[in-house]
Amino acid sequence: FINVEQACDLTLKTPEPAAINGLSIYPNPAATFFNIGSKANPFSRIQIFDLMGKLQRQFELGNPVHEYAVSIKYLAPGTYLVRVENWVLTLVIQR
């Protein structure tokens, strides 16, 4: 389970990427995919949790990257927490 207190405050309806410590998630809200970008540190693990803390999907990327596109076609519309290494961002899926 994920500690919801680690969640970062984001403006969810901004047309520009909301970034924290060089980490950004966009577009947000998203419909079929979203991108994760990191200007500072590369990442190799992405986890998507529902608001109950249940892991919905996990990606082990192998080699660390600074950018990754995630398909979310399989997830129902709603609000999710996206954990990238030690950071947690909020993602809204709208269709």
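This one's a predicted model, so the numbers in the text were calculated from it and none came from an experiment.

When you go through the chain residue by residue, the secondary structure sums to zero helices and eight strands. Tracing the chain from N to C terminus, the helices and strands come up as β-β-β-β-β-β-β-β. Taking all 95 residues of the chain together, 38% fall into the buried category. Look at the contacts in the chain between residues 6 or more apart in sequence, and 51% of them connect residues 24 or more apart. Carbon together with sulfur atoms contributes 52% to the accessible area of the chain, which is approximately 5600 Å² in total.

For the rest of this paragraph, the subject is the environment of Met52. In this structure, Met52 sits in the loop between strand S4 (43-50) and strand S5 (55-65). Residue class for Met52 comes out exposed when judged on its relative accessible area of 71%. Distance from Met52 to Leu81, taken between C-alpha atoms, is 9.8 Å for residues 29 residues apart in sequence.

This part covers the pairing of strand S3 (residues 33-38). Along S3, five of the six residues are buried, which leaves the element largely enclosed by surrounding structure. One ladder, built from four bridges, connects strand S2 (residues 23-26) with S3; its direction is antiparallel. Looking at the pairing, Leu23 lines up with Ser38 of S3. Here S2 folds back onto S3 in antiparallel fashion, the turn holding six residues. Pairing between S3 and strand S6 (residues 67-71): five bridges, direction antiparallel. Looking at S6, one finds that Asn35 is bridged to Ala69.

The rules behind each value
- Residues numbered from 1 in each chain as written.
- Predicted model: local features only at pLDDT ≥ 70, side-chain atom pairs only at ≥ 80, totals over all residues.
- Heavy atoms only, no water.
- Helix = DSSP H or I, 4+ residues; strand = E, 2+ residues; numbered from the N terminus.
- Buried < 20%, exposed > 50% of the residue type's maximum accessible area, 1.4 Å probe, protein only.
- Contact = heavy atoms within 4.5 Å.
- Areas by Shrake-Rupley, 256 points an atom, 1.4 Å probe, with all protein chains shown as cover.
- Pairing = 2+ DSSP bridges.

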